[in-house]
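# Inside the fold
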Amino acid sequence: MGYISTRGGIEPVSFSDAVMMGLATDGGLILPQEIPKIEPSTLNRWRGLSYPELAFEVMRLFVDDIPHDHLRALVERSYSTFQHPKVVPLVKVGDVWVMELFHGPTLAFKDIALQFLGNLFEYLLDRRDTTMNILGATSGDTGSAAIYGVKGKKRMSIFILHPHRRVSPVQEMQMTTVEDPNVFNLAIEGTFDHCQEIVKTIFNDLEFKERFSLGAVNSINWARVLAQVVYYIWGYLRLSDDGAEAVEFTVPTGNFGNIFAGVVAKRMLPEGAINRFVLATNENDILYRFISRGDYSLGKVVPTISPSMDIQIASNFERYLYYLWNQDPKKVREAFEGFKATGKMSFSQEELKRVAEDFASMAVSQEETIETIGSIYRKTGYIVDLHTAVGIKAGVDLRSSFPMICLATAHPCKFPEAVVKATGVEPQRPPAIKSLEGKKRRVTVLPYDVEKVKEFISAHAT
Ligand SMILES: *Cc1c(COP(=O)(O)O)cnc(C)c1O
């Protein structure tokens, strides 16, 4: 299986090269040349598998250059850090299913991809006898999940910038109590945008980037998408065990990474197994406007109570457009050049009709989100987090006759204030989080100054 770019500017590369490349060198996103189809007989054989076993079976269809026993070991190690015996349990809540993706070390669904990516990077760096320094900015979830993916790994260090005193207390605690010497937390005196700006500037200094082998773990890496494909197939299998012929998923969406993995799973499964997706956004609604009326035009990012979805440019969306435009890289290239110049893209009626076969969509307000958490709690006693609530609200409103699986992307204790406001009760902190309370913090506060950050990296890089 070779990997290509949505913009057509690279020769096919192997899985390992695709992972190490991250973003394609022509500025496009990497995709497999072909998405494998799963036969119904294979699917039946997969029913009895545990989550890690299923992950191995799905991933090996896409991995052409890692021996199977090595891949199996990488996958097993990645999910051994999850606190739930099923790794990804499904829970019936009212008349929908909630798929809990938050039992990893940082209590967010990003652990599912980043635990795997950390192990995979370590393995590939070892094979290539080289090193890497990961650099990233975070407003919360991605940074902590990346740190827990990389901590204690050989041949790698990680530098994560977060805005000083502007991430949630649980996230701050998760990041800064990590003791491994290859983890560096930099609290920047500024906002998340300032942090991102610093990271961008440093990545643009090609000499510096080369010298320290800087790498990224952002959501455009193909290995992240691949790890996420697994739980859509898992969710379908669990409900079809119970006799469901087809399912739907509702996905709280920011960067389109999570839901794009669902699109890949839909193409792998037999026709009709996944009926369609509900794409739920908060008030940052560019994807909702696209699906509901073909309006893909840049708005301003508004900060909300579900911050991991406060995004206007959804980087993984390019992967979906590549398929919508019948795998025509020229069309993708021209559309993104146009988007850069004008801040919008347009679509034909025929294209929008095909989009409507894949997705329904809703933009959920902050009041509706809080109301949803409250009403689920009063009806069932179950507490959901803010991001999950956005998905559930849209999923319940837009569901058809098929069973609806709601992706729970974070544990409710990550943003307790909103939960208290909605339900009157404080969400329980799991033991893994409680054990961090009172631990020593490792963090360096730096001013909003690129040079200071570069000096720090130079002094501490692997
Ligand atoms: C990152 C994140 C999302 C958005 O996922 P995308 O892949 O960016 O669409 C939703 N909820 C939570 C809790 C997240 O951390």
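Quick note: structure is the one above.
Structure report, in brief. Everything quoted here is computed from the prediction, not taken from an experiment.

## A short note on the pattern of salt bridges
Applying the stated criterion across every chain yields a total of 25 salt bridges. Across the pair Arg-276 and Glu-248 runs a salt bridge whose closest N-O atoms are separated by 3.9 Å. Placement of Arg-276 in strand S10 (residues 274-281) and of Glu-248 in strand S9 (residues 247-252) is noted, with a sequence separation of 28 residues between them. Overall, Glu-248 belongs to the buried group, its relative accessible area being 0%. With a closest N to O distance of 3.1 Å, Lys-266 and Asp-358 form a salt bridge.

## What to know about the site of the ligand
In the neighbourhood of the ligand, 15 residues make up the surrounding shell, with Lys-110, Asp-141, Gly-254, Asn-255 and Thr-409 lying closest. In the environment of the ligand, an oxygen atom lies 2.5 Å from a nitrogen or oxygen atom belonging to the side chain of Lys-110. For the ligand, an oxygen atom lies 3.2 Å from a polar atom in the backbone of Phe-256. Against a free-state accessible area of 390 Å², the protein chains account for coverage of 97% of the ligand. Of the residues contributing to the shell around the ligand, the split by class is 5 nonpolar, 8 polar and 2 charged.

## A few points about the layout of surface pockets
The probe, sized like a water molecule, is rolled over the atoms to show the empty space still left. Its volume calculated, the second largest pocket comes out at about 380 Å³. Around the second largest pocket sit 17 residues that line it, and Lys-266, Arg-267, Glu-271, Glu-357 and Asp-358 are the ones nearest its centre. Taken together, the residues of the lining of the second largest pocket sort by class into 8 nonpolar, 2 polar and 7 charged.

## Comments concerning the environment of Val-419
Here Val-419 lies in helix H18 (residues 416-423). Note on Val-419: relative accessible area 1%, which makes it buried. C-alpha of Val-419 to C-alpha of Gly-374: the two residues are 45 residues apart in sequence and 8.0 Å apart in space.

## Some thoughts on helix H8 (residues 192-204)
In an α-helix, one turn spans 3.6 residues, which is why side chains three or four residues apart end up on the same side. Under the 1.5 Å per step criterion, the end-to-end length of H8 is 18 Å for 13 residues, consistent within 8% with the ideal 18 Å. Looking only at H8, the buried set comprises Cys-195, Ile-198, Val-199, Ile-202 and Phe-203. All buried residues of H8 project into a common sector of 130° when viewed along the axis, lining one side. Exposed side of H8, more than 90 degrees from the buried face: Asp-193, Lys-200 and Asn-204 are the residues found there. Those residues of H8 hidden inside the fold are in contact with strand S5 (132-137), strand S6 (156-163), strand S7 (183-189), helix H9 (206-211), strand S8 (214-215) and helix H20 (450-460).

## Overview of the packing of aromatic side chains
The tally for this structure, following the rule as stated, stands at 29 aromatic pairs. Taking 5.9 Å as the distance between ring centres and 50° as the angle between the ring planes, the aromatic pair formed by Tyr-3 and Trp-222 counts as tilted. Separated by 219 residues along the polypeptide, Tyr-3 in strand S1 (residues 3-5) and Trp-222 in helix H10 (residues 222-241) bring together distant segments of the chain. In this pair, the class of Tyr-3 matches that of Trp-222, namely buried. Residues Phe-256 and Phe-359 carry aromatic rings whose centres are separated by 6.0 Å and whose planes lie at 65° to one another, so their mutual orientation is edge-to-face. Here Phe-359 lies in strand S13 (residues 359-363) and Phe-256 lies in the loop between S9 and helix H11 (257-268), a separation of 103 residues in the sequence.

Criteria and thresholds
- Residues numbered from 1 in each chain as written.
- Predicted model: local features only at pLDDT ≥ 70, side-chain atom pairs only at ≥ 80, totals over all residues.
- Heavy atoms only, no water.
- Salt bridge = Lys/Arg side-chain N within 4 Å of Asp/Glu carboxyl O.
- Helix = DSSP H or I, 4+ residues; strand = E, 2+ residues; numbered from the N terminus.
- Buried < 20%, exposed > 50% of the residue type's maximum accessible area, 1.4 Å probe, protein only.
- Near = heavy atom within 4 Å.
- Polar contact = N/O pair within 3.5 Å; in protein donor to acceptor, adjacent residues only side chain to side chain.
- Areas by Shrake-Rupley, 256 points an atom, 1.4 Å probe, with all protein chains shown as cover.
- Nonpolar A, V, L, I, M, F, W, Y, C, P; charged D, E, K, R; others polar.
- 1 Å grid on protein atoms, 1.4 Å probe; cavity = no way out; pocket = protein on both sides within 12 Å on 5 of 7 lines; lining within 4 Å.
- Points joined across faces, edges and corners; volume = space filled by probe spheres on them.
- Expected span 1.5 Å × (residues − 1).
- Arc of directions from axis to C-beta.
- Contact = heavy atoms within 4.5 Å.
- Phe/Tyr/Trp six-rings, centres within 6.5 Å; stacked < 30°, edge-to-face > 60°.

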